[in-house]
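A look at the structure
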Amino acid sequence: MATTAVQVVTGGAPVTAEQKMAVQGLVWGRLGGSTLGASALARLHERPGEGTANIVASVLTDELRADPEFAELMARTLQVPYSPPSQAATRRGASAGPPPPFPPPRPAVAPVQAPDAADVRNILLLGLPQTILAYIALTIAAPNGARSGAQLVILLVSASLAAYGVWLGISLLRRRIRSGVLIAAVVLALLALVRLGLSLVGADAHLMSASG
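Residues numbered from 1 in each chain as written. Predicted model: local features only at pLDDT ≥ 70, side-chain atom pairs only at ≥ 80, totals over all residues. Heavy atoms only, no water.

**Some details on the overall build of the chain**
For clarity, the threshold we go by: A run of DSSP states H or I qualifies as a helix once it reaches four residues; a run of E qualifies as a strand once it reaches two. Both are numbered from the N-terminal end. Buried residues are those whose accessible area, probed at 1.4 Å on protein chains only, stays under 20% of the maximum for their type, while exposed residues exceed 50% and partly exposed ones sit between those limits. Pairs of residues are marked as contacts when any of their non-hydrogen atoms sit within 4.5 Å. What sets the accessible areas is the Shrake-Rupley method with a 1.4 Å probe; for residues, cover comes only from the shown protein chains.
Counting its regular elements, the chain contains ten helices and zero strands. In sequence order, the secondary structure elements of the chain are arranged as α-α-α-α-α-α-α-α-α-α. In the chain, buried positions account for 29% of the 212 residues. Sequence-distant contacts in the chain: of pairs separated by 6 or more residues, those separated by 24 or more amount to 67%. Carbon and sulfur atoms form 64% of the exposed surface of the chain, whose accessible area is close to 13,600 Å².

Pasting the structure below:
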């Protein structure tokens, strides 16, 4: 409808003089009231052609969609059929069926919390410091480097403490209790556990060979 109206305004459509004046009044009156519309009309007047006419038709199309009463008046003036947007939308909605259901809400994620300083301190102590104490005790228990059952017991106790520190740290991390110091403490405890495990394997093998 906007293209037909622009053709009437530019003299490209065979209409009566009265109809042309009526369409021109509607187009100029509506588009002249906005900066974009007035600019489009001015360009059409200065450089008439298909390009500038398409610009005016595009601006007029937006005005017709935004104002159903103006669109209905334009249709009567042009003597063309017109279907109000509300009726067309109702027919489209009826043919499209019921709207899709809303997706279920996502469960809320618990925020990350800072760990208790006492827990971090315990994990740190159960890692590297107690491992160092364990090796000092090993040196005292066997000054000549000999392996004994007492050393095996010391390694078992130290490895159990390091394993408890790792378990405590992982439990805190799974409860979204995190910090850089806590992660570092867990890593140190894990490294200490691995080192003690290797020492346990070596001590056990040495005792078995000695008993054999």
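Don't stop here, the text continues.
**Focus: the side chain of Thr 52**
As a reminder, the rule being used: Two N or O atoms form a polar contact when they lie within 3.5 Å of each other; inside protein one atom must be a possible hydrogen donor and the other a possible acceptor, and for residues adjacent in sequence the pair counts only when both atoms belong to side chains.
Take Thr 52: it is sitting in helix α4 (residues 50-66). Looking at Thr 52, its side chain comes within polar contact range of the main-chain oxygen of Arg 47, at 2.9 Å. Beyond its immediate sequence surroundings of up to four residues, Thr 52 is in contact with Arg 43, Leu 44 and Arg 47.

**Observations regarding helix α5 (residues 68-78)**
The cut-off we apply is this: This arc is built from the directions going out from the helix axis to the C-beta atoms.
Here α5 has its buried residues at Phe 70, Ala 71, Met 74, Ala 75, Thr 77 and Leu 78. Viewed end-on, α5 has its buried residues packed into an arc of 165 degrees, placing them on one side of the element. Residues of α5 that are exposed and point more than 90 degrees away from the buried face comprise Glu 69 and Arg 76. Residues of α5 that are buried sit in contact with α1 (2-9), α2 (17-31) and α4. One or two steps after α5, the chain reaches Gln 79, where phi turns positive at roughly 60 degrees.

**Considering the environment of Arg 195**
With respect to the secondary-structure elements, Arg 195 resides in helix α10 (residues 180-211). In the structure, Arg 195 is positioned 36 residues away from Ala 159 in sequence and 8.8 Å away in space, judged by C-alpha atoms.

**Some words on the packing of α1 against α2**
Worth spelling out the cut-off: As a rule, the C-alpha atoms of each element are fitted with a line to give its axis, helices using only the stretch in contact, and angles between N-to-C directions run from 0 to 180 degrees. By definition, any crossing whose near helix is turned counterclockwise from its far helix by less than a right angle is left-handed, and any crossing with a clockwise turn is right-handed. For this scheme, ten residues count as nonpolar: Ala, Val, Leu, Ile, Met, Phe, Trp, Tyr, Cys and Pro. Four count as charged, namely Asp, Glu, Lys and Arg, and the remainder, Gly too, count as polar.
Following both chains from N to C, one finds α1 and α2 inclined at 115 degrees, their axes separated by 9 Å at the closest point. Crossing of α1 against α2: the hand is left-handed. Contacts from Ala 5, Val 8 and Val 9 in α1 reach Lys 20, Val 23, Gln 24, Val 27 and Trp 28 in α2. Residues belonging to the contact of α1 with α2 are distributed by class as follows: six nonpolar, one polar and one charged.

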